Amino acid sequence: MNAPRTVSANAARLRASFDTPAPPTIGVEEELMLLDAATLDLAPRASEVIAQLDGDPRFKLELPAAQVEIVLPPLHRPADAAAQLAAARRDLLAAAGDELRLAAAGLHPFAADQGPLNRGPRYDRTAAEFGEVARRQLVFALQIHVAVRGADRALAVYNALRSYLPDLAALAAHAPFHAGRDTGMASWRPVVSQMLPRQGVPPRLRSWDDYAHALHWVEDPGRWWWELRPHPVHGTLELRVPDAQATVADAAAIVAVAQALAVRLAERHDVGEPLRVHDTWRIEENAWSAGRHGVEGELRDLDTGEPAPARARLHALLDELEPVAERLGSAGELQDARRLVERNGAMALREASGGDPEAATRWLMERFTV
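Figured I'd write up the structure that's included with this text. (Residues numbered from 1 in each chain as written. Predicted model: local features only at pLDDT ≥ 70, side-chain atom pairs only at ≥ 80, totals over all residues. Heavy atoms only, no water.)

### A closer look at the packing of helix H10 (residues 248-270) against helix H12 (residues 310-328)
Between H10 and H12, the shortest axis-to-axis distance is 9 Å and the interhelical angle comes to 95°. Put simply, H10 runs roughly perpendicular to H12. Of H12, the residues touching H10 (which contributes Val 257, Gln 259, Ala 260, Leu 261, Val 263, Arg 264, Glu 267 and Arg 268) are Leu 317, Leu 318, Glu 320, Leu 321, Val 324, Ala 325, Arg 327 and Leu 328. Its residues assigned to classes, the contact of H10 with H12 comprises ten nonpolar, one polar and five charged. (Axes fitted to C-alpha atoms, helices over the stretch in contact; angles between N-to-C directions. Helix = DSSP H or I, 4+ residues; strand = E, 2+ residues; numbered from the N terminus. Parallel < 35°, antiparallel > 145°, perpendicular 65-115°, else oblique. Contact = heavy atoms within 4.5 Å. Nonpolar A, V, L, I, M, F, W, Y, C, P; charged D, E, K, R; others polar.)

Following this line, the structure appears as structure tokens:
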């Protein structure tokens, strides 16, 4: 009986988060895999590493016991994020000690397909509800927040940004190996993630009441796990589609594209240009191709259905974003993104490993502080 009143109040709070003026800052969350130094297998010792960091707010636990997350404060430029990520990676590696190592990719190349989880009320609830599926969520993402204000503008950008999730997924695909085999995919991470509900391409939101009602349904906003979501606390659009990247430079390139794209869509909205909102099923068609082939496949025009090489589509997008990136101070990182269009993380990992998952893991480990 109280749900409509609660939803209305929550919608007002959501709007307030996005109506507070702010520049288009970026926030970065990087999920990293903890490795046993001797075997290179996942090491479920994240709580021990966190304990060594004396409450440093840059580092936190996540669901898998072999995962540590770097959380950066709001920043203005991808170059700032790169500098802080590099420092955080070095500090984390020092805290890990001699017995542990770290690496970054969407999935560990040869670890078992399920593993232990961290303890705590939130994680225990997930484990109790989803059982073995929860223990299979050994996935590692690069999550990017972009502040887009005010509320109506942010909602329009959110709805339009859904259409570009496959483009970002193709560019950032970096998980071809899983459980000791080459899956044939550019990224197998979405296959694992989608064992849980509320994954993949998010629904269109017609109003903040729509979103408030959805959050009321799932009770905990943190369980709105789609690849894109308006963050109810930070007042940001949170992109959750990219795989974790082997190097800081690759991560910064993905961050630059995400920031410039959100800003470009906001600017188009500001001049009165209607932003297209496409059917979820059409976007999902491209999302499948992005996961299967990455930059080496095709993506369809979401209006006409005409296929085009993913590389051509991505270069065209980067052409459009170049003036925005110049203004944001991220032209260099956008050029790095062009390098990923030609050879993204999945391709580099396959080539470097020669198809050997253990060699792939070693290569990732060696690239961690590059």
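Back to the text.
### Observations concerning the side chain of Glu 227
Inspection of the secondary structure assignment puts Glu 227 in the loop between helix H9 (208-218) and strand E8 (228-231). For the buried Glu 227, no salt bridge is present, and the opposite-charge side chain at shortest range is Arg 189, 5.9 Å distant. With residues near it in sequence (within four places) discarded, Glu 227 still touches Leu 165, Gly 200, Val 201, Glu 238, Leu 239, Arg 240 and Val 241. (Buried < 20%, exposed > 50% of the residue type's maximum accessible area, 1.4 Å probe, protein only. Lys, Arg positive; Asp, Glu negative; His and termini not counted. Salt bridge = Lys/Arg side-chain N within 4 Å of Asp/Glu carboxyl O.)

### Let's talk about the side chain of Arg 149
With respect to the helices and strands, Arg 149 occurs in the loop between strand E5 (142-147) and helix H6 (151-161). Summary of buried charges: Arg 149 has no salt-bridge partner, and the nearest side chain of opposite charge, Asp 19, is 8.4 Å away. A polar side-chain atom of Arg 149 sits 2.9 Å from the main-chain carbonyl oxygen of Gly 235. When sequence neighbours within four positions are dropped, the list of residues in contact with Arg 149 reads Ser 17, Phe 18, Thr 20, Pro 21, Ala 22, His 234 and Gly 235. (Polar contact = N/O pair within 3.5 Å; in protein donor to acceptor, adjacent residues only side chain to side chain.)

### Some points on helix H4 (residues 121-130)
All of the buried residues along H4 are Tyr 123, Thr 126 and Phe 130. The buried residues of H4 occupy an angular sector of 60° when the element is viewed end-on, so they sit on one face. Among the exposed residues of H4, those pointing more than 90 degrees away from its buried face are Pro 121 and Ala 128. Here the buried face of H4 lies against strand E2 (59-61) and helix H5 (132-135). Backbone geometry just after H4 places Gly 131 at a positive phi near 55°. (Arc of directions from axis to C-beta.)

### Considerations on the pattern of salt bridges
Under the criterion given, the structure shown has 29 salt bridges. The salt bridge partner of Arg 45 is Glu 99, with a shortest N-O separation of 3.0 Å. Note that Arg 45 is positioned in the loop between strand E1 (26-36) and helix H2 (46-51) and Glu 99 in the loop between helix H3 (78-96) and strand E4 (100-103), a separation of 54 residues in sequence. Residue classification places Glu 99 among the exposed residues on the basis of a relative accessible area of 52%. Taken together, the salt bridges that share partners define one network made up of Arg 264, Arg 268, Glu 273 and Glu 320.

### Some remarks on the packing of helix H14 (residues 345-353) against helix H15 (residues 357-367)
Relative orientation of the contacting elements H14 and H15 amounts to 115°, with a least axis distance of 8 Å. By crossing handedness, the relation of H14 to H15 is classed as right-handed. On H15, the residues touching Ala 348, Leu 349, Ala 352 and Ser 353 of H14 are Ala 359, Ala 360, Trp 363 and Leu 364. The class makeup of the residues in the contact of H14 with H15 is seven nonpolar, one polar and no charged. (Left-handed = near helix turned anticlockwise from the far one by under 90°.)

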